[in-house]
Amino acid sequence: MRALLNAYLNTSLVLRIGIALVLGLVVGLVGGPAVVGWLAPLSELLLRLLKFLIVPIVLFTLMVGINQANLGSMGRVGWKLLGFYVLTSALAISVGLLVATAFSPGSGLELTSSETVKVPENPGFIQVLLNIVPTNIVGAFAEPNLLGVIFTAVVFGIALMKLRESEAHGEMAERLYGVVSALNEVTMKVMAGVLQYVPIGVFAIVAHTAGKQGTATLLALGDMVMVLYIALAVQLAVYAVLMRLNGVNLVSFVREARVPVVTAFATQSSSGTLPLTLNAARRLGIPQRIYGFSLPLGATINMDGAGIRIAISAAFAANVVGVPLDVVTMLEIVLIGTLASIGTAGVPGAGIVMIATVFAQVGLPIETVALLVSIDALVGMGATAMNVTGDLVCTSVIARSEEKYEAGEDRLAIPSEQHS
């Protein structure tokens with residue numbers, strides 16, 4: 001047993017997760033619903049372990065990152081992030097619409113009157129903004145309200161940074177910063193242990209999902225699934241071009257991004273995968289002051305995969321009712337879908353809320369969402385993996401732009417120093 005355990009621990013984590021993914025798919029499809037029950041605890045354990053780490057890793061990483069930067073650079077990074085998120089979200093929806101127009105998913109299907117779906121209420125953009133400020137810190141940590149945790153970390157991180165600069169409380173604040181830094185390192189150590197369980201959890205989740213969905217569901221709406229994954233592949237190519245243009249090392253990026261992306265694919269949770277995404281950014285050498293802010297924020301409001309899903313779903317619904325999308329409607333979908341992806345951040349069932357919001361605004365029947373529920377897991381896996389990929393791409397590009405900016409500042413500073 002000891003030799004087997006050592007062999008497991010010494011094998012590449014990416015290889016272990018890849019094997020677990022394939023085995024899980026085989027076991028799920030062969031075993032069918034019978035495997036769902038006894039694998040459920042193993043899959044639930046992985047989700048619990050990842051969620052267990054979300055609050056401490058976001059809180060301590062962000063507080064430490066803020067104290068390694070200054071308010072000027074934070075503001076600059078913040079504006080870059082928001083601009084990048086809006087741009088890539090709109091681009092992802094456009095890619096989805098173009099691919100869907102080319103392949104026409106849903107053509108030939110009919111909507112029966114018995115098909116209904118319960119759509120969670122859309123809280124609206126203003127309410128989402130208000131929810132960023134938690135009424136109770138403990139409650140925000142308990143839910144967890146990720147935007148509330150980010151707000152708390154930013155506020156207390158800035159306060160700690162200001163205290164470290166003061167003469168009266170500087171020494172005390174430095175000791176407190178040392179404690180926060182130590183807690184951050186402890187959290188990373190715990191995460192290193194959780195990583196060893198990820199392959200087992202991925203195997204259980206994939207087997208559970210495959211056993212529950214089966215091949216019948218995939219065959220029934222296979223064209224919808226196929227078109228979505230083609231659009232995701234196109235979006236990956238767009239990311240590769242963006243990273244190449246900005247000087248990001250693609251080989252290193254792919255090597256480090258594989259673990260969080262595959263885990264996101266299995267778990268269908270951007271927030272739950274956040275600890276692994278933060279670890280990947282750290283291994284890529286991205287400054288903590290950047291990834292500590294961009295990745296938690298991106299996990300809630302940057303949803304490129306969800307944007308593609310909105311576009312494909314809209315085209316699918318239009319083809320089902322026999323009214324193909326025109327150019328004006330496509331532009332509406334891009335605009336409304338981009339806003340909806342931000343305006344439903346942190347809402348349970350956010351994918352359905354976004355799709356239903358877009359459908360209501362452009363006049364597509366909400367009932368068509370019911371047809372998509374049966375393939376929700378298959379579609380959600382790819383969309384979530386793309387969400388996490390988009391977060392890491394954005395963080396990598398912003399980090400490179402900050403490197404160039406700071407290098408330019410250094411070059412400008414040299415002549416004045418020589419002159420003095």
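Worth saying up front: this structure is predicted, and the values here are computed from it rather than measured.

*Asks:* Can you tell me about the overall build of the chain, naming the residues and giving the values?
*Replies:* On a plain count of helices and strands, the chain comes out with 18 helices and 0 strands. Within the chain, contacts between residues separated by at least 24 positions form 86% of all contacts whose residues are at least 6 apart in sequence. For the chain, the computed accessible surface area is about 19400 Å², with 67% contributed by carbon and sulfur atoms.

*Asks:* An account of empty space enclosed by the protein is needed here, citing residue identities and associated values.
*Replies:* Counted by the stated rule, this structure contains 2 cavities of 30 Å³ or more. By volume, the second largest cavity is sized at about 50 Å³. A total of 3 residues in the lining of the second largest cavity trace back to one element, the largest contributor, which is helix α3 (residues 34-66). Taken together, the residues that form the lining of the second largest cavity break down as 6 nonpolar, 1 polar and 1 charged.

*Asks:* Residue-level account of the packing of aromatic side chains, with values.
*Replies:* Per the stated rule, a full pass over the model turns up 0 aromatic pairs. Geometry around Tyr177 places Arg164 over its ring, the cationic atom sitting 4.0 Å from the centre.

*Asks:* So, the side chain of Thr61: which residues are in play, and what are the values?
*Replies:* Note that Thr61 resides in helix α3. The exposure class of Thr61 is buried, given its relative accessible area of 1%.

*Asks:* Summarise the nonpolar core; cite the residues concerned and give the values.
*Replies:* With 113 residues, the main nonpolar core has Val58, Leu97, Ile150, Val202, Ile312 and Ile333 as its most contacted residues. No other element matches the 13 residues that α3 contributes to this core. Filtering out sequence-adjacent residues up to four positions away, Val58 remains in contact with Leu146, Val149, Ile150, Ala153, Leu274 and Pro296.

*Asks:* I'd like to hear about the packing of helix α10 (residues 222-245) against helix α11 (residues 250-267), residue by residue, with values.
*Replies:* Direction vectors running N to C along α10 and α11 enclose 145°, while the axes themselves pass 13 Å from each other. The chirality of how α10 crosses α11 is right-handed. Of the residues in α11, those in contact with Tyr229, Ala240, Met243 and Arg244 of α10 are Leu250, Phe253 and Phe265. The residue inventory of the contact of α10 with α11, partitioned by class, reads 6 nonpolar, no polar and 1 charged.

*Asks:* Can you lay out helix α7 (residues 146-165) for me, pointing to particular residues and giving the numbers?
*Replies:* Look at α7: 29 Å from first C-alpha to last across 20 residues, which is about the 28 Å you get at 1.5 Å a residue. Buried within α7 are the following residues: Leu146, Leu147, Gly148, Val149, Ile150, Thr152, Ala153, Val154, Gly157, Leu160 and Met161.

*Asks:* Break down the packing of helix α4 (residues 71-103) against helix α14 (residues 304-320) for me, citing the residues and quoting the values.
*Replies:* When two helices pack together, their arrangement is given by the angle between the helix axes and by the axis-to-axis distance. For the pair α4 and α14, interaxial distance at closest approach is 7 Å and the crossing angle is 35°. As α4 packs across α14, the resulting crossing turns out to be right-handed. Contact residues: Thr88, Ser89, Ala92, Ile93, Gly96, Leu97 and Ala100 in α4; Asp304, Gly307, Ile308, Ala311, Ile312 and Ala315 in α14. Here the residues of the contact of α4 with α14 sort into 8 nonpolar, 4 polar and 1 charged.

*Asks:* Please set out the pattern of salt bridges residue by residue, giving values where relevant.
*Replies:* For the structure shown, the criterion picks out 9 salt bridges. Across the salt bridge formed by Lys80 and Glu402, the nearest N and O atoms sit 2.7 Å from each other. With Lys80 in helix α4 and Glu402 in helix α18 (residues 376-419), the pair connects residues that are 322 residues apart, well separated along the chain. By relative accessible area, Lys80 is classed as partly exposed at 24%.

*Asks:* Which residues make up the environment of Pro365, and what values go with them?
*Replies:* As for its position among the elements, Pro365 is in the loop between α16 (350-362) and α17 (369-373). Using a relative accessible area of 22% as the deciding quantity, one classes Pro365 as partly exposed. Along the sequence, Pro365 and Val321 sit 44 residues apart, while their C-alpha atoms lie 8.3 Å from each other.

*Asks:* Go over unusual backbone geometry with me, naming the residues and quoting the values.
*Replies:* Unlike most non-glycine residues, Ser104 shows phi in positive territory, near 50°. Here Ser104 lies in the loop between α4 and α5 (125-131). Positive phi, close to 60°, is recorded for Gln268, a residue that is not glycine. Assignment of secondary structure puts Gln268 in the loop between α11 and α12 (274-283). Residue classification places Gln268 among the partly exposed residues on the basis of a relative accessible area of 28%.

Rules used in this analysis
- Residues numbered from 1 in each chain as written.
- Predicted model: local features only at pLDDT ≥ 70, side-chain atom pairs only at ≥ 80, totals over all residues.
- Heavy atoms only, no water.
- Helix = DSSP H or I, 4+ residues; strand = E, 2+ residues; numbered from the N terminus.
- Contact = heavy atoms within 4.5 Å.
- Areas by Shrake-Rupley, 256 points an atom, 1.4 Å probe, with all protein chains shown as cover.
- 1 Å grid on protein atoms, 1.4 Å probe; cavity = no way out; pocket = protein on both sides within 12 Å on 5 of 7 lines; lining within 4 Å.
- Points joined across faces, edges and corners; volume = space filled by probe spheres on them.
- Nonpolar A, V, L, I, M, F, W, Y, C, P; charged D, E, K, R; others polar.
- Phe/Tyr/Trp six-rings, centres within 6.5 Å; stacked < 30°, edge-to-face > 60°.
- Lys NZ or Arg CZ within 6 Å of the ring centre and 35° of its normal.
- Buried < 20%, exposed > 50% of the residue type's maximum accessible area, 1.4 Å probe, protein only.
- Core = buried A, V, L, I, M, F, W, Y, C linked by side-chain atoms within 4.5 Å.
- Axes fitted to C-alpha atoms, helices over the stretch in contact; angles between N-to-C directions.
- Left-handed = near helix turned anticlockwise from the far one by under 90°.
- Expected span 1.5 Å × (residues − 1).
- Salt bridge = Lys/Arg side-chain N within 4 Å of Asp/Glu carboxyl O.

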